[in-house]
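Below are the chains, spelled out letter by letter.
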Amino acid sequence: MGTTLLTNIAQLVTVDAAGSVLEHAAVLIREDRIEWIGAATDAPAADTVHDLSGRTVLPGWVDSHSHLIFGGDRAEEFVARMAGQSYAAGGIAVTTSATRSLSDEELAGLVAARRAEALSMGTTWMETKTGYGLELSEESRHTRLGGPIVDTLTFLGAHLVPAGADADEYTDLVAGPMLEAVAQDIDFVDIFCERGAFNEDQTRRVLQAAQDRNLATKVHGNQLGPGPGVKLAVEFGSHSVDHVNYLEDSDIQALAGSWANWDRTTRSGKPGTVATCLPACDLSTRQPLAPGRELLDAGVGIALASNCNPGTSYTSNMNFCVATAVLQMNLSLAEAIEAATYGGALALGIADQVGSIEVGKRADLHVLDAPAAAHLAYRPGMNLTHSVYRAGQLVS
């Protein structure tokens, strides 16, 4: 393959360690990698030239938390919640039933359509989870079907205890036969550590089983109230703890301590446990927004993700998540963009590959139909995605 030059870029938001924003810039792509970045007037020759006509270019979004493998929807539950009912984890069982009824072809088609929808809005790397199977054969099926469609696959057999099952017996199933069946085909193991889902002891058993198999972990934690999720995520060295709506001072201190061996100025050392904020979910469940500002000020690395799922956040629009973080979570524009790109990459252990526009990294680029990145929050709700390049190829 030859080279492609993207030129006449009004604003190039690199999300490098220095937070560089280049004006009147250009990017040279060779095959699937970024080969050169600089002023448009200094751009080298290329086989193909794309004039972006004064638009803005960002790294592609890295959505590090989603649940795309499902059937049906829960619109009635959403309407009831907006009318005043409180959110409880039990609604997951509705989706489990709908998902089990789908054929392989039907389920894979839905996952692929949702992945394509996210890509069309700038998400060039996307994690998704199992968790709507809740039995060995279904969790294995969802792993087999979902893995080839998404970029990172997480096993979430511990999403909810199925109706009629004993919680400890089901935990043993997840940590034993289920995990054994999917271990070769997954990137992470996750668990919903929350009231109505899995308690501290059960969470510890699943995380320990993953660790014993040298599998990386994540935790759903502190969504509906204070709890042990953050503490356990830090203790087990999990890549991220997600939701983090209800944090005590000790939780923030534990998260900050996990970043003690990371140098932000050089992006070197060992990253800590990323606190992943899910603002679209917070709005849908009417929970207090995760304290992203306080986490950043304490030295904690954060990510923004969509949490696309049928019950509490039926959107994969990362533009919306970034705008919400700026308008309602008190993040600066630069902080929100970094959390939705490099922060997500850290949460998935792929920050050496994607998450910023730097020479040698994969050419994942999100072109906004706007002269400046500020339009993401300045014009909230507008479809600002002009085009998307994934691994150097124009895909949307």
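**Some words on the overall build of the protein chain**
Of the regular secondary structure elements, the protein chain holds 14 helices and 17 strands. Expressed as a percentage of the 396 residues in the protein chain, the buried residues total 57%. The long-range fraction of contacts in the protein chain, counting pairs at least 24 apart against all pairs at least 6 apart in sequence, stands at 73%. Counting only carbon and sulfur atoms, one obtains 50% of the accessible surface of the protein chain, whose full area is about 15,000 Å². Averaging the coordinates of the 26 positive side-chain charges in the protein chain and doing the same for the 48 negative ones gives two points 1 Å apart.

**Considerations on helix H2 (residues 92-100)**
Think of an α-helix as 3.6 residues a turn; residues three or four steps apart then line up on the same face. Buried within H2 are the following residues: Ile92, Thr95, Thr96 and Thr99. Looking straight down H2, one finds its buried side chains confined to an arc of 105°; they lie on one side.

**A few points about the pairing of strand S15 (residues 365-368)**
Remark: a regular strand shows side chains that alternate across the two faces of the sheet. Residues Leu365 and Val367 of S15 are buried on one face, and the alternating residues His366 and Leu368, pointing to the opposite face, are buried as well. Of the strand pairs in this sheet, strand S4 (residues 48-59) and S15 are connected by 4 bridges, and their pairing is antiparallel. Paired with valine 57 across the bridge in S15 is valine 367.

**Structural notes on the side chain of serine 258**
Looking at the element boundaries, serine 258 is found in the loop between helix H8 (249-257) and strand S11 (262-263). Only 2.6 Å separates the side chain of serine 258 from the backbone oxygen of leucine 255, close enough to count as a polar contact. Not counting residues up to four positions away in its chain, the partners in contact with serine 258 are Val234, Pro271, Gly272 and Thr273.

**Some points on the environment of alanine 260**
The residue alanine 260 is located in the loop between H8 and S11 in this model. We classify alanine 260 as exposed; its relative accessible area is 62%. In the structure, alanine 260 is positioned 162 residues away from alanine 98 in sequence and 45 Å away in space, judged by C-alpha atoms.

What counts, and at which threshold
Residues numbered from 1 in each chain as written. Predicted model: local features only at pLDDT ≥ 70, side-chain atom pairs only at ≥ 80, totals over all residues. Heavy atoms only, no water. Helix = DSSP H or I, 4+ residues; strand = E, 2+ residues; numbered from the N terminus. Buried < 20%, exposed > 50% of the residue type's maximum accessible area, 1.4 Å probe, protein only. Contact = heavy atoms within 4.5 Å. Areas by Shrake-Rupley, 256 points an atom, 1.4 Å probe, with all protein chains shown as cover. Lys, Arg positive; Asp, Glu negative; His and termini not counted. Charge placed at Lys NZ, Arg CZ, Asp CG, Glu CD. Arc of directions from axis to C-beta. Pairing = 2+ DSSP bridges. Polar contact = N/O pair within 3.5 Å; in protein donor to acceptor, adjacent residues only side chain to side chain.

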